[in-house]
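The chain contents come next:
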Amino acid sequence: MKEIELKDPYTIPYRGIYAVCDKNNEYAEIIEHTNCYGGAAWSKFHYSHSPLILNTRSIGNMIRYHVKTGTSALDLKPSRSAAGIESVLVCDDEVHITYAGLGGGGVGATKCRAFAEGVLRYECTESGGGRAAKGTIVVPRRERILIGIDDTDTKEKGATWSLTHNIAKELDCLESVYLSHTLVQLYPVAAKTQNCVSTVLEFGCVDKEAKKELLESIRAALLKYSVSKETGMVVLSDFEAKDVYGYSKECRSGELTKDYAMQYAEEHGVEVWMDGNGVIGALASLAWFARPDDSVKRTAQLE
């Protein structure tokens, strides 16, 4: 028998909690990176009943809550809606998130989130047993940065999806958090290397300086490690990517030209950081951020 010693047997700190906001601070996505998916799945079910939450989804070990900012009253009920998000308030460059819960849900709503990476400070009541508990965490306000990349490889060497992930993982930090990596199946054109797949990276940046450093670092890494002279890198700074839905559908349905891609990017606020032929597929990938299960199917539709 192995005897164990638990410092805090009823607390499992989240790996990280991040808040990405739209430009007007009307909507936010609360992204919780969990160390215990079972507990997070329980929260996902119960939190979905909170009035502020518009939808929830899970990607790997991250639970993502799309919310309308503000405050609402929670009607906590054991087993049915035992925990929830009571308020999401944007104050300058910070986001204040208040959770509430009953019993074990109260523990998760307070202690487990209070000690997550990225939390600037917190306040919480006692939790556990049959008590109701409430906790507020303060995290940096972030904006979503989407980086589409394609054509870093050749038929003989390289793979865009793996290179982009390894670059993103190395650049992941509190100022620029690496949130998702998505492979996007494109129309199989004649110039493809093998599978005709591009990649979109999603980051949450705290300010313009963090964004600038991130993008310059990604471009430098692509210039260093890409084995193709046709690498394309495009960037969209937006809460959503609906402006490129139409282009993505076209690129997944037929062959497009580089000139058309460059014109579309200019007209829809997409920055071109590397202008090789890969901009065609890179631009198409932006619409599919954080949808890795759908993006690999060329027949999947954007909503």
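Coordinates for the structure precede this section.
Right, let's walk through the structure included here.

The next subject is the nonpolar core. In terms of nonpolar packing, the biggest core is built from 28 residues, with Leu 146, Val 244, Tyr 247, Cys 251, Val 270, Leu 283 and Leu 286 touching the most fellow members. Of all elements in the fold, only strand E12 (232-237), helix H5 (245-251), helix H6 (258-267) and helix H7 (279-285) reach the threshold of two or more residues within this core. In terms of residue count, the dominant contributor to this core is H7 (five residues). Membership of the second largest hydrophobic core comes to 24 residues, among which are Ala 40, Tyr 65, Ala 83 and Tyr 99.

With that settled, the discussion passes to the environment of Ala 109. When you line up the elements, Ala 109 lands in helix H2 (residues 104-114). A relative accessible area of 1% means that Ala 109 is categorised as buried. Spatially, the C-alpha atom of Ala 109 lies 7.9 Å from that of Gly 84, the residues being 25 residues apart in sequence. With residues near it in sequence (within four places) discarded, Ala 109 still touches Tyr 47, Tyr 99, Ala 100, Gly 101 and Gly 135.

Those residues of H6 that sit buried are Ala 261, Tyr 264 and Ala 265. Burial along H6 is one-sided: seen end-on, the buried residues are contained in an arc of 100°. Away from its buried face, by an angle of more than 90 degrees, H6 presents the exposed residues Asp 259, Glu 266 and Glu 267.

With that settled, consider the environment of Trp 42. Secondary-structure assignment places Trp 42 in helix H1 (residues 37-47). For Trp 42, a relative accessible area of 36% puts it in the partly exposed group. Put simply, Trp 42 and Ala 82 are 40 residues apart on the chain and 9.7 Å apart in space, counted from C-alpha to C-alpha.

Here the focus is the packing of aromatic side chains. Inspection of the entire model under this criterion finds seven aromatic pairs. Seen in terms of ring centroids, Tyr 47 and Tyr 99 are 6.0 Å apart; in terms of plane orientation they differ by 40°. Their pairing is tilted. Of this pair, Tyr 47 sits in helix H1 while Tyr 99 sits in strand E7 (residues 94-102), placing them 52 residues apart in sequence. For Tyr 99, a relative accessible area of 0% puts it in the buried group. Consider the rings of Tyr 247 and Tyr 260, whose centres lie 6.0 Å apart with planes at 25°: the pair is stacked.

What follows deals with the pairing of strand E10 (residues 176-185). Burial within E10 is extensive, with nine of its 10 residues counted as buried. Pairing of E10 with strand E11 (residues 197-205), which is carried by nine bridges, proceeds in the antiparallel orientation. Counterpart to Leu 183 in the pairing with E11 is Thr 199.

Let's shift gears to the side chain of Ser 295. Note on placement: Ser 295 falls in helix H8 (residues 292-295). For Ser 295, the residues in contact, after removing those within four places along its chain, are Thr 182, Leu 183, Val 184, Gln 185, Arg 252 and Trp 288.

Where helix H3 (residues 160-171) contacts helix H4 (residues 208-225), the axes come no closer than 10 Å and their chain directions differ by 140°. Between H3 and H4, the angle is such that the two are oblique. Crossing angle aside, the handedness with which H3 passes H4 is right-handed. Contact with H3, carried on its side by Leu 163, Ile 167 and Leu 171, involves Leu 214, Ser 217, Ile 218, Ala 221, Leu 222 and Tyr 225 of H4 and no other residues of that element. Tallied by class, the residues present in the contact of H3 with H4 amount to eight nonpolar, one polar and no charged.

Burial analysis of E11 places eight of its nine residues in the buried class, the great majority of the element. Looking at chain direction, strand E9 (residues 132-150) and E11 are connected through seven bridges and run antiparallel. Looking at the pairing, Gly 148 lines up with Val 200 of E11.

Before going further, it helps to examine a negative patch on the surface. Where like charges cluster on the molecular surface, the negative patch consists of Asp 92, Asp 93, Glu 175, Asp 207, Glu 209 and Glu 213. Within the secondary structure, Asp 92 sits in the loop between strand E6 (83-91) and E7.

The subject of this paragraph is the pattern of salt bridges. One pass over the structure, following the stated rule, counts 12 salt bridges. Notably, a salt bridge pairs Glu 29 with Arg 64, separated by 3.1 Å at the nearest N-O pair. Pair noted here: Glu 29 is in strand E2 (residues 27-33) and Arg 64 is in strand E4 (residues 62-68), with a separation of 35 residues, a long-range link. No difference in accessibility class separates Glu 29 from Arg 64, as the two residues are buried. Here Arg 144 ties to Glu 29 by a salt bridge, and the two come within 2.9 Å at their closest N and O atoms. With Arg 144 in strand E9 and Glu 29 in strand E2, this residue pair connects regions lying 115 residues apart in the sequence. The network of salt bridges with shared partners includes Glu 29, Arg 57, Arg 64, Arg 144 and Glu 202.

What counts as what
Residues numbered from 1 in each chain as written. Predicted model: local features only at pLDDT ≥ 70, side-chain atom pairs only at ≥ 80, totals over all residues. Heavy atoms only, no water. Core = buried A, V, L, I, M, F, W, Y, C linked by side-chain atoms within 4.5 Å. Buried < 20%, exposed > 50% of the residue type's maximum accessible area, 1.4 Å probe, protein only. Helix = DSSP H or I, 4+ residues; strand = E, 2+ residues; numbered from the N terminus. Contact = heavy atoms within 4.5 Å. Arc of directions from axis to C-beta. Phe/Tyr/Trp six-rings, centres within 6.5 Å; stacked < 30°, edge-to-face > 60°. Pairing = 2+ DSSP bridges. Axes fitted to C-alpha atoms, helices over the stretch in contact; angles between N-to-C directions. Parallel < 35°, antiparallel > 145°, perpendicular 65-115°, else oblique. Left-handed = near helix turned anticlockwise from the far one by under 90°. Nonpolar A, V, L, I, M, F, W, Y, C, P; charged D, E, K, R; others polar. Patch = residues over 30% accessible without salt bridge, like charges linked within 9 Å, V, L, I, M, F, W, Y side chains within 5 Å. Areas by Shrake-Rupley, 256 points an atom, 1.4 Å probe, with all protein chains shown as cover. Salt bridge = Lys/Arg side-chain N within 4 Å of Asp/Glu carboxyl O. Lys, Arg positive; Asp, Glu negative; His and termini not counted. Charge placed at Lys NZ, Arg CZ, Asp CG, Glu CD.

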